[in-house]
Structures are given as C-alpha cells and as structure tokens.
Amino acid sequence: MPLLTVDNLTKNFGGLAAVSQVDISLEKNELVGLIGPNGAGKTTLFNLLTGVYVPSSGEVTLEVEGKSTRLNGMKSYKIAELGLSRTFQNIRLFKDLTVMENVLIAMNAKHKENFVTSVLRLPKFYKIEKDLKNKALELLSLFHLVDKKDTLTKNLPYGQQRRLEIVRALATEPQILFLDEPAAGMNPNETADLTNLIREVQEKFKITIVLIEHDMSLVMDVCERIYVLEYGRVIAKGTPDEVKTNQSVIEAYLGGEV
Ligand SMILES: Nc1ncnc2c1ncn2[C@@H]1O[C@H](COP(=O)(O)OP(=O)(O)OP(=O)(O)O)[C@@H](O)[C@H]1O
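Below is a short write-up of the structure.

Reading the values: rules and limits
- Residues numbered from 1 in each chain as written.
- Predicted model: local features only at pLDDT ≥ 70, side-chain atom pairs only at ≥ 80, totals over all residues.
- Heavy atoms only, no water.
- Helix = DSSP H or I, 4+ residues; strand = E, 2+ residues; numbered from the N terminus.
- Rg over C-alpha atoms; globule rule 2.2 N^0.38 Å.
- Buried < 20%, exposed > 50% of the residue type's maximum accessible area, 1.4 Å probe, protein only.
- Polar contact = N/O pair within 3.5 Å; in protein donor to acceptor, adjacent residues only side chain to side chain.
- Contact = heavy atoms within 4.5 Å.
- Expected span 1.5 Å × (residues − 1).
- Near = heavy atom within 4 Å.
- Areas by Shrake-Rupley, 256 points an atom, 1.4 Å probe, with all protein chains shown as cover.
- Nonpolar A, V, L, I, M, F, W, Y, C, P; charged D, E, K, R; others polar.
- Phe/Tyr/Trp six-rings, centres within 6.5 Å; stacked < 30°, edge-to-face > 60°.
- Lys NZ or Arg CZ within 6 Å of the ring centre and 35° of its normal.
- Pairing = 2+ DSSP bridges.
- Right-handed = clockwise from strand over helix to strand, strands pointing away.

What follows concerns the overall build of the chain. Helix and strand content of the chain: ten helices and ten strands. The C-alpha radius of gyration computed for the chain amounts to 19 Å, which stays within 12% of the reference 18 Å derived for 258 residues, consistent with globular compactness. Along the first, second and third principal axes, the C-alpha atoms of the chain reach 60 × 40 × 35 Å. When burial is assessed residue by residue, the chain has 49% of its 258 residues classed as buried.

Below, the structure is given as structure tokens:
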C-alpha cells in the first residue's frame, strides 16, 4: 500500500482546471520530483494535499499503520498533525523572531503539552523544553544554522532563510515533506549544498520528500522518481532518465534542454 494515494484529483478555479484528474502515489521514504512549466498546477497540487485548498473532486488517502485516512477537505492543521508538512515558494517565517524561536514554535505545534504542566512550570515542563531545544539545535546544526540561532530571522541572508524554512517544516516531524522550490533564488553553490542536504535529510529521517523545482539539475540529481505536470495534468512519470527522454516532456518544455 502506498503511503499517500492521490486519485483523480481535480481543482477548478472558475473555468480553469488548475489540477485535472491527477493520480499520484507516494511510497514511504522516497524522494519524488514534481516538475512542469509555469502555471502547470504544481503549487495548486501541494495546496490541495496540505489542506490549503479543498479539491473540486477526487480523493487523497493517507495510509498509516494499516489505517486509511481520507484527507480531502480536512483542515491544514489536522493534515499537519497527520504528518504532512511543507515549505512555501514565498518564505513564510516569523521575521521578528529569532531562528531558534521559529523552530521552537513549529515544534510546539506538534508537542501540545498538558496545560497544567506548562502553566505551573512543573519539572516535566523544563525537561520537555530542554529536549525540544536540543532537538532544534540538532536540526539547525544539520542545516549549518546553529551559530545563527539567536539571530533575528529578518537579518538572515536569503539562502539561510530558505534553509530555515525547511528546518521549520522538519521540526513538526513529518512523514511527508513537500518542498516548493527550495532552491529558488539561490546561487549555484547554495543549490549544490541544498541538494546534498535534501538527500541527507531523507536518509537520516527516513521520510518521503516531494520536491517542486525549476532547477532541472537538482531534480534529476536528487529524485528517484519524477511526475511531470502540464495544464494541470500528469503528462509523464518515471525515473529521471525516463522523463528526460519522454517526447511529451520535451515538447512541454518547448524543445528546451530537460
Ligand atoms: N487561487 C487561485 N485562483 C485562481 N486561479 C489560480 C489560483 N491559484 C492558481 N491559479 C491558477 O492555476 C494555474 C496553476 O497555478 P500553479 O501556481 O499551481 O502553477 P505552478 O505549476 O505552481 O506554477 P509556477 O511554476 O509558476 O509556480 C495557473 O493558471 C494559476 O493562475
């Protein structure tokens, strides 16, 4: 059984089918790319899978420990609690909080502690807080951000803000992580560094990662499987080699290098 099954998913905006009859399946612990020309429906698909939009039709089913859960129409926070986390194309951090505070807020959303324990500051509260801080430091260290932990987020260079977005998404301990153009605006060195990090994260945390990315070398390098969208429909899927040589894909990219 796949971890996530997307069946015949459609989202209409007025007369426009931004996502149309999409079938996708995600296995546990795989790295999957989602590519396609501008306006193909990639972000809309992420928005449907993470509860930002309600599908017009179709099914999204999550399989956890033998139990199927239908995600259609579920609120985003509920979907996040079930282990689907994401980053956004436009960075959405708390700019006036420190790097560490941004990570801790994401963690607290997951670890809603007993009210009495937190209000009365019982010993358990301090233990939980210490554990969360250690975990946050571990994640920040993986993303080379530990020395920035007390920096206000708005003062971080752009590339580091993008990395912090991923840390924050990981802090919720997701089973599936959706990354929406994580390398957008990065220079080639930062992109290469990010490619390695994405791979490392997937291996270390044994999670499924879905990546929307315009940087083809990143997608081809890092993804085991790729889905290609055009005008809201899946026009191809397969390994990077299969996708690269697929005629519909080459045409969708106007004969450009894929
Ligand atoms: N909220 C909305 N209301 C109306 N139309 C929308 C809305 N969101 C997206 N669209 C339209 O749906 C289509 C798919 O958009 P989407 O942003 O999902 O594409 P994309 O593949 O992520 O594009 P890009 O690579 O440029 O980010 C576009 O034609 C877009 O204008």
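With that settled, the discussion passes to the side chain of Asn72. Checked against the element boundaries, Asn72 lands in the loop between strand E5 (67–70) and helix H2 (76–81). According to the relative accessible area criterion, Asn72 is buried, its value standing at 16%. Within the structure, the side chain of Asn72 is placed 2.4 Å from the backbone oxygen of Gly58, a separation counted as a polar contact. Of note is the side chain of Asn72, whose polar atom sits 3.0 Å from the backbone nitrogen of Val60. Leave out the neighbours within four places in its chain, and Asn72 touches Pro55, Gly58, Glu59 and Val60.

The next subject is helix H6 (residues 158–170). Its 13 residues place the ends of H6 19 Å apart at the C-alpha level, agreeing with the 18 Å of an ideal helix rising 1.5 Å per residue. Among the 13 residues in H6, twelve count as buried, and that is most of the element. Of all the residues in H6, the buried ones are Gly159, Gln160, Gln161, Arg162, Arg163, Leu164, Glu165, Ile166, Val167, Arg168, Ala169 and Leu170.

This paragraph deals with the site of the ligand. Around the ligand, a shell composed of 15 residues is seen, among which Gly39, Gly41, Lys42, Thr43 and Thr44 lie nearest. Note that an oxygen atom of the ligand is positioned 2.9 Å from one of the backbone N or O atoms of Gly39. Alone, the ligand offers 630 Å² of accessible surface; in the complex the protein occludes 63% of this. Going through the elements one at a time, strand E2 (16–26) and helix H1 (42–49) are the ones with two or more residues in the shell around the ligand. For the shell around the ligand, the residue count by class is six nonpolar, seven polar and two charged.

This part is about the packing of aromatic side chains. Across all of its chains, the model carries two aromatic pairs by this definition. Ring centres of Phe13 and Tyr53 lie 5.3 Å apart, and the angle between their planes is 75°; this geometry places the pair in the edge-to-face category. Of this pair, Phe13 sits in strand E1 (residues 4–13) while Tyr53 is found in the loop between H1 and strand E4 (57–64), placing the two residues 40 residues apart along the sequence. Ring centres of Phe46 and Phe178 lie 5.0 Å apart, and the angle between their planes is 65°; on these two criteria the pair is classed as edge-to-face. With a gap of 132 residues between them, Phe46 in helix H1 and Phe178 in strand E7 (residues 176–180) connect regions that are remote in the sequence. Residues Phe46 and Phe178 agree in their burial class; the two are buried. Taking NZ or CZ as reference, Arg92 lies 3.8 Å from the ring centre of Phe88, over its face. Taking NZ or CZ as reference, Lys204 lies 5.8 Å from the ring centre of Phe205, over its face.

Backbone geometry places Gln21, a non-glycine residue, at a positive phi of 50°. By secondary structure assignment, the location of Gln21 is in strand E2. On the basis of relative accessible area, Gln21 is assigned to the partly exposed category, the value being 46%.

Turning to the pairing of strand E8 (residues 208–212), a few remarks are in order. Summarising burial for E8: five of the five residues are buried, a large majority. For strand E3 (residues 31–35) and E8, the ladder comprises four bridges, and the chain directions are parallel. Bridging from a neighbouring strand, Leu31 pairs with Ile209 of E8. In this sheet, E8 lies alongside E7 in parallel orientation, the contact comprising five bridges. Each residue of the ladder has a partner; that of Asp180, found in E8, is Ile212. A crossover links E7 with its parallel partner E8, the connecting element being helix H7 (residues 188–205), and its sense is right-handed.

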